[in-house]
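Reading the structure
Letter by letter, the chains look like this.
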Amino acid sequence: EPEVTQTPSHQVTQMGQEVILRCVPISNHLYFYWYRQILGQKVEFLVSFYNNEISEKSEIFDDQFSVERPDGSNFTLKIRSTKLEDSAMYFCASSEAFSYEQYFGPGTRLTVT
Amino acid sequence: RKEVEQDPGPFNVPEGATVAFNCTYSNSASQSFFWYRQDCRKEPKLLMSVYSSGNEDGRFTAQLNRASQYISLLIRDSKLSDSATYLCVDISGTYKYIFGTGTRLKVLA
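As the structure is a prediction and not an experimental result, all values here were calculated from the model.

1. Remarks on the interface of chain B and chain A
- Listed as interface residues are 20 residues of chain B and, on the opposing side, 23 residues of chain A.
- Counting each side, the surface lost to burial between chain B and chain A is near 1,900 Å², with a carbon and sulfur contribution of 58%.
- Between chain B and chain A we count 2 salt bridges in total.
- Residue Lys42 of chain A is joined to Glu3 of chain B by a salt bridge in which the shortest nitrogen-to-oxygen separation is 3.2 Å.
- For the pair chain B and chain A, the interface holds 6 residue pairs in polar contact (both at pLDDT 80 or more).
- With 3 residues, the single largest contributor to the side of chain B that touches chain A is strand 4 (residues 33–38) of chain B.

2. Structural notes on the state of the cysteines
- Tallying each qualifying case throughout the model produces 2 disulfides over all chains.
- One disulfide in the model links Cys23 of chain A with Cys92 of chain A; its S-S distance is 1.9 Å. One disulfide, between Cys23 of chain A and Cys92 of chain A, carries an S-S torsion of -65° and so falls in the left-handed class. With Cys23 of chain A in strand 3 (residues 19–24) and Cys92 of chain A in strand 9 (residues 88–95), this residue pair connects regions lying 69 residues apart in the sequence.
- In this structure Cys23 of chain A comes out as buried when scored by relative accessible area, which is 0%.
- Between the sulfur of Cys23 of chain B and that of Cys88 of chain B lies a disulfide, 2.0 Å long from S to S. What sets the handedness of the Cys23 of chain B and Cys88 of chain B disulfide is the S-S torsion sign, and at about -70° it is left-handed. Taken together, the positions of Cys23 of chain B in strand 3 (residues 19–25) and Cys88 of chain B in strand 9 (residues 84–90) put the pair 65 residues apart, joining distant regions of the chain.
- On the accessibility criterion, Cys23 of chain B (0% relative accessible area) is buried.
- You can call Cys88 of chain B buried: its relative accessible area is 0%.

3. Notes on the nonpolar core
- Core analysis: the biggest nonpolar cluster contains 23 residues, and Phe21, Trp35, Ile71, Leu73, Ile75, Tyr86 and Leu105 of chain B have the highest contact counts within it.
- Elements with a minimum of two residues in this core: strand 3, strand 4, strand 5 (45–50), strand 7 (60–65), strand 8 (70–75), strand 9 and strand 11 (103–108) of chain B.
- Looking at this core, the element that brings in the most residues is strand 3 of chain B, giving 4 residues.
- Other than its neighbours up to four places away in sequence, Ile75 of chain B contacts Ala17, Thr18, Val19, Phe21, Arg59, Phe60, Asp82, Tyr86 and Leu105 of chain B.
- By size, the runner-up hydrophobic cluster in this structure holds 22 residues, among which are Val4, Phe75, Ala88 and Cys92 of chain A.

Reading the values: rules and limits
- Residues numbered from 1 in each chain as written.
- Chains lettered and ligands numbered in written order.
- Predicted model: local features only at pLDDT ≥ 70, side-chain atom pairs only at ≥ 80, totals over all residues.
- Heavy atoms only, no water.
- Contact = heavy atoms within 4.5 Å.
- Buried area = accessible area lost by both parts, 1.4 Å probe.
- Salt bridge = Lys/Arg side-chain N within 4 Å of Asp/Glu carboxyl O.
- Polar contact = N/O pair within 3.5 Å; in protein donor to acceptor, adjacent residues only side chain to side chain.
- Helix = DSSP H or I, 4+ residues; strand = E, 2+ residues; numbered from the N terminus.
- Disulfide = S-S within 2.5 Å.
- Buried < 20%, exposed > 50% of the residue type's maximum accessible area, 1.4 Å probe, protein only.
- Core = buried A, V, L, I, M, F, W, Y, C linked by side-chain atoms within 4.5 Å.

See below:
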């Protein structure tokens, strides 16, 4: 069964550093998403991406965040200057179409020290 | 602000019991929902969809009550493996999911 993959599974970084979280969506999917989940809290939407541009973003997704699809398979989330409060699990998801089921990757646990 | 609210639980039930969770939503225009299941520190996985006609899949039944703006999930004959957090998700209208806080279920032997 096709699945979304994410690397790394755990990233530790120092405050102020840049991190790039990587995702490989399911190959025939056209819509891509990033969500985050702070420990003990709910899953929060960050951004959706279609046709090489952002479809929607939340208020969390400020200028420190960016997304890119650098090639035909990868989808990345960059945090330019990490803060302590960016520590969370980051999930990538993809779907065939906007209203279809989103399949989630296993997540990257980001720890900012 | 459009929200989805859930009782965080935990709901502790014995094996074989029937348990039900509700989820309330604030956006009166919402009409499409999913129930996802999330195991500890894992990704959400789709359990079932909920549209106006409701849905049943084996031991699981989901209903949508638009008049009262809530959806429900009923689990019959609970198994130990049903222990997880159940996430109510509003998928209506925009390019994103709106997640509830989740309801924790513990099925006890």
